[in-house]
Amino acid sequence: MNRLTGALRIEGYAVVSEDDRIADVAGDMPPSLKSDAEWDFFQAGLDAADVTVLGRRSHDVTPNPKQRRRLVMSKAPRPPCSGTMPQTVAWNPDRMALVDALASFGRPVAHLAVAGGQGIFDHFLQGPHRYSAFHLSRMRGVSLPGGIAVFGDIGRMGLSAETVLQRAGYVPGPLRQLDRLAHVVTWTPHLPVTGQAS
């Protein structure tokens, strides 16, 4: 049963270094990318959403003390979730539509928070289910050479995160300073996102 309620709101959250990296060369998020103010902003976004969407690695290494519902995107074989109202649902987008994956939670879903990593961030850039808003936070004075970029085209084409968003049809809002080192810019589609419940 489809339990989406109205239009689906999809918000992405990423904190990057000055060279647009979300992790170091080992795939880990270093302490230099963390700040209390940015963390509070991110957590508030997750709290407001019905479901958090993230990749398998991010799911495995990130504790979930608030028991938020998680949609874990992975193309690797994984046993199905048990129970009638699971907290975590595995999703292979090549085999299952997003609405069907969300229906597995057994309760209404109207708001997703996309928390990464790179493959997840790329997935929702365009297509039938694209971001309603993408919150790009940046830490001043941090560089992670050889690290993992927030979007794949940064490494493949040498683009900046802002250029990737612009090419995908998003426009920036005003810069918001979170603390002395961290700021965030919210990007939204040039045209309103409609019909995402279908």
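Anyway, here's the lowdown on the structure attached to this text. (Residues numbered from 1 in each chain as written. Predicted model: local features only at pLDDT ≥ 70, side-chain atom pairs only at ≥ 80, totals over all residues. Heavy atoms only, no water.)

Observations regarding the overall build of the protein chain
Link 1 in the chain: The number of helices and strands found in the protein chain is 6 helices and 10 strands.
Link 2 in the chain: Taking all 198 residues of the protein chain together, 47% fall into the buried category.
Link 3 in the chain: Counted over contacts in the protein chain with a minimum sequence separation of 6, partners at least 24 positions apart contribute 65%.
Link 4 in the chain: On the protein chain, roughly 9,900 Å² of surface is accessible, and the fraction owed to carbon and sulfur atoms is 55%. (Helix = DSSP H or I, 4+ residues; strand = E, 2+ residues; numbered from the N terminus. Buried < 20%, exposed > 50% of the residue type's maximum accessible area, 1.4 Å probe, protein only. Contact = heavy atoms within 4.5 Å. Areas by Shrake-Rupley, 256 points an atom, 1.4 Å probe, with all protein chains shown as cover.)

Notes on the packing of aromatic side chains
Link 1 in the chain: Counted by the stated rule, this structure contains 9 aromatic pairs.
Link 2 in the chain: Ring centres of Phe134 and Phe151 lie 5.3 Å apart, and the angle between their planes is 45 degrees; on these two criteria the pair is classed as tilted. You can see Phe134 sitting in strand β7 (residues 133-139) and its partner Phe151 sitting in the loop between β8 (148-149) and α5 (152-157), a full 17 residues away along the chain. There is no split in this pair, since Phe134 and Phe151 are both buried. (Phe/Tyr/Trp six-rings, centres within 6.5 Å; stacked < 30°, edge-to-face > 60°.)

Quick word on the environment of Gly106
Link 1 in the chain: With respect to the helices and strands, the residue Gly106 is situated in the loop between α3 (98-103) and β6 (109-116).
Link 2 in the chain: Distance in space between the C-alpha atoms of Gly106 and Pro86 is 7.8 Å, their sequence separation being 20 residues.

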